[in-house]
Amino acid sequence: MTTPWSRRGFLTASAGTAVALGLDTRAFAASDEFATLRAKWRTLILGEGVDPTAEPFTSRLADLGTTARGLLATMAPATGSLWPDLVYADPDPDTDQESYGYSGNMNTSYTRLNTLAQAYCRPGTGLTGDTGLRDAIRTGLDHLHDDVYNAGRTPYGNWYSWQIGAPQALLDVCVLMYDALSAAQLANYLAAVDHFVPDSAVASYSGTSTGANRVDLCRVLALRGVVGASAAEVALARDALSPVLPYVSSGDGLYPDGSFVQHTTVPYTGSYGSVLLGGLGLLFALLAGSSWAVTDPNRQIVFDAVEHAWAPFLYNGLVMDGVSGRAISRGLSASDPKQIQQDDHLRGHPILASIVLLGQGASAAENARWRGLVKGWTQRDYYSPPLNDPVLGLPQLARLKGVRDDTSVTAVAEPTGHRLFPSMARATHRRPGWAAALSMADRRITYYETGNGENLRGWHTGSGMLYWWGDTFANGQYSDAFWPTVDPYRLPGTTASRKVLADAAGGDWGASLPDVNWVGGATDGERAAVGQYLKGLQSTLMAKKSWFFLDDTVVCLGAGIKCADGTAVETTVENRNLGPTGGAPFTVDGTVRPTAYPWSETLTGATWAHIGGHGGYVFPGGASVRALREARDGSWSTINKGGSTTVLNRKYLTLYVDHGTDPANASYAYLLLPGATAALTQARAADTGWLTVLANTDSRQGVAVPSLGFTGVNFWFGGTVGTLTASDPCCVMITEKADGTAVIAVSDPMRMRTSLTLTWQRPVAAVTSAPATVASATTGSALTLAFGDLTATAGATQRITVRLG
């Protein structure tokens, strides 16, 4: 009987024969190394520990088989398409929205072939090793090559489809089906990849070849080299990763403060950042131990970023929407009604899996710590358990299951503390029992991103949107059809004009930037003072907004609110998504308000309000606040041209301050108490000495909370507020401690101060630590700090510790 040789077996035997004959074995060794890399990539994309007899894998593999049989039955190669519902022939090739659709169909055609290849290679699909399926995959690959994706074709539509989406899927199929493809077929496919993704694609770190996109391109080049046994291509891919790794000070990439930006102006930790983290994890793992291992010392920056950049935005398995750009508009698809709705949890789960993979190349201490974090996030995600995630890939599921089942790993609790990200105008505040996040915009960071027909109404997401979640409640607040049904003019925390804006107002790809510099804050790592000089998108609106993040409260101030749009201006205190039923009780000053929909009322002189199961709101000194219960209809297609037209309905409870039409100098003040009971909210409102509003004007805003030893002031201009005097615009936060010390946190949000003098009218015995930016310090009956040039601090907090007198 003749035993068939596998390619790898042949290469191994041939290498041994060459040694026996005294021949040069270098070529054989290189070939064997490529075979090893192919085997490693196969494992990376199929996953380790995927047991077809155990859940969650059994049902997922069966579903994969069902999907593959459906695709196999409907595949019908014809000029311009491989599947009738995915026509890629563009009658008018261009780069408009219609052409984007045609190029996307080409991309999806390769993705479907990848699905078929997975069904062929994976056990438990019912199609494992099926020769008919194997032949269909080869037919499909040849058809797409001959008809559309070849070296003679000019790309149209979305560049991404030609340079990243299609070639990644194609090369994965080449690895999975390597033994079933002829040398001529592989040569044809690789020639196509070379055509659309030439070496010049990574020659310059600019344009579409930066950040996550660069990592994706490197993945294409690396796999092209592995499949084609080209050491030069693999080396190019490895070397082209290096510009991604260092910290940046502008544009795309990771910043020293933990920010991650893509498309020059868009905070993107949760979307493009996820791609970058996942891509680097895969490439580090693929090349580890090979002749092309990534040894650039800057890769430690990526490891540091796990807790410095990604962990602050992960909460109970979700990744916060304020750093996911236009991805927040990707819900149900119009082209595939069976597609699972995307949301913050489903975007978070792949990041968890990427952290596990990245940990395999990190230090033992880092790996152990990260596995503990991931186990905690996985266990706490009650709203959308990761191991039930219907769209998470099997390799990612296997990694998360491995961590969950590892009894040596102890779950790590949610990290607490405050983090400011001045380089992307974001902040996160995490306390036992809840977490919050703030989204702003400035001269460097866009109001919002639209593009490809996505996120058409995200206009005000950068106007001070304040998100918050509870530890065991409200984790679906922004997951449950929030974005297609919420009033886009009433996003929680924002101040906005009711001026009607067109879909995609402001232009694509984060084109619109407010002409403001003072956006940022100061923090001691636990509490913070944060401010935003707000100018409205395509509006005359101007406002000064401040947030003081404390132990159980966020104090929110607004002042200098003016507008001449001829429309009303509103500050939205809250806009809570209460789901399809919306039965949460609403109490104002001890009286329960109606639960019927619709309902509205002007709450005159209200001092506190409470939403059952959510939290409380306090209005110092009383305020006139509008409240309404509203059942809102919406569809994903209203905010994303590719979205489903199915009408969804969610019920909202909204609180907002109506500043009237064309206000001249309006203001507001309120406290947010996440998770507070009605009794606690009422008690906080009754304790009029708990909070002192030191200033709330167009020039300065500040508060003091004596019981916490806290003082926070945003100096929009120099001047005096309470015991603090600043020579110029700055942010100051002070915490006095019971041990007789104090921490003074100062920042220059404008990044313009070449000098700054700050005086605190408080006896100080000594300065015990100070950064180099402090040129001199005078102590005694008062403390005077003279700062030197702060322009290079990039808005970062300067912390000074003192011993009180």
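Here is a short report on the structure shown in this document.

Pairs may arise between side chains of opposite charge once their charged atoms sit close together. Within the structure shown, the criterion is met by 31 salt bridges. One salt bridge connects Asp 442 with Arg 444, and the closest N-O pair in it is separated by 2.7 Å. Relative accessible area serves as the criterion here: at 29%, Arg 444 is assigned to the partly exposed category. In this structure, Glu 630 engages Arg 632 in a salt bridge whose closest nitrogen and oxygen atoms are separated by 3.2 Å. One network of salt bridges, in which partners are shared, links Arg 326, Arg 330, Glu 449 and Glu 454.

Turning to helix α14 (residues 394-405), a few remarks are in order. Compared with an ideal rise of 1.5 Å per residue, which puts 12 residues at 16 Å, α14 spans 16 Å between its outermost C-alpha atoms and is within 8% of the ideal. Every buried residue of α14 is accounted for by Leu 394, Pro 395, Leu 397, Ala 398, Arg 399, Leu 400, Lys 401 and Val 403.

Below, the discussion takes up the packing of helix α4 (residues 97-121) against helix α6 (residues 159-176). Direction vectors running N to C along α4 and α6 enclose 15°, while the axes themselves pass 9 Å from each other. When the axes of α4 and α6 are compared, the pair comes out roughly parallel. Between α4 and α6 lies a crossing of left-handed hand. Facing α4, whose interface residues are Ser 103, Gly 104, Met 106, Asn 107, Tyr 110, Thr 111, Leu 113, Asn 114, Ala 117, Gln 118 and Cys 121, α6 presents Tyr 160, Ser 161, Trp 162, Gly 165, Ala 166, Ala 169, Leu 170, Asp 172, Val 173 and Leu 176.

Within strand β13 (residues 542-549), 7 of the 8 residues are buried, which leaves it mostly tucked inside the rest of the structure. Bridge analysis of strand β12 (residues 528-535) against β13 gives 8 bridges, and the strand direction is antiparallel. From the neighbouring strand, Val 530 faces β13, where its bridge partner is Trp 547. Where β12 hands over to β13, the hairpin turn is made up of 6 residues, of which Gln 538 adopts a positive phi near 50°. Bridge count for β13 against strand β14 (residues 554-562) is 7 bridges, and the pairing is antiparallel.

Let us now look at the sheet that holds strand β3 (residues 266-267). One open sheet holds the 3 strands; their spatial order is β1-β2-β3, and the pairing between them is antiparallel. Here the strands that pair on one side only, and so sit at the sheet edges, are β1 (253-254) and β3.

Cut-offs used in this document
- Residues numbered from 1 in each chain as written.
- Predicted model: local features only at pLDDT ≥ 70, side-chain atom pairs only at ≥ 80, totals over all residues.
- Heavy atoms only, no water.
- Salt bridge = Lys/Arg side-chain N within 4 Å of Asp/Glu carboxyl O.
- Buried < 20%, exposed > 50% of the residue type's maximum accessible area, 1.4 Å probe, protein only.
- Helix = DSSP H or I, 4+ residues; strand = E, 2+ residues; numbered from the N terminus.
- Expected span 1.5 Å × (residues − 1).
- Axes fitted to C-alpha atoms, helices over the stretch in contact; angles between N-to-C directions.
- Parallel < 35°, antiparallel > 145°, perpendicular 65-115°, else oblique.
- Left-handed = near helix turned anticlockwise from the far one by under 90°.
- Contact = heavy atoms within 4.5 Å.
- Pairing = 2+ DSSP bridges.

Worth remembering: the numbers are spatial, not functional.
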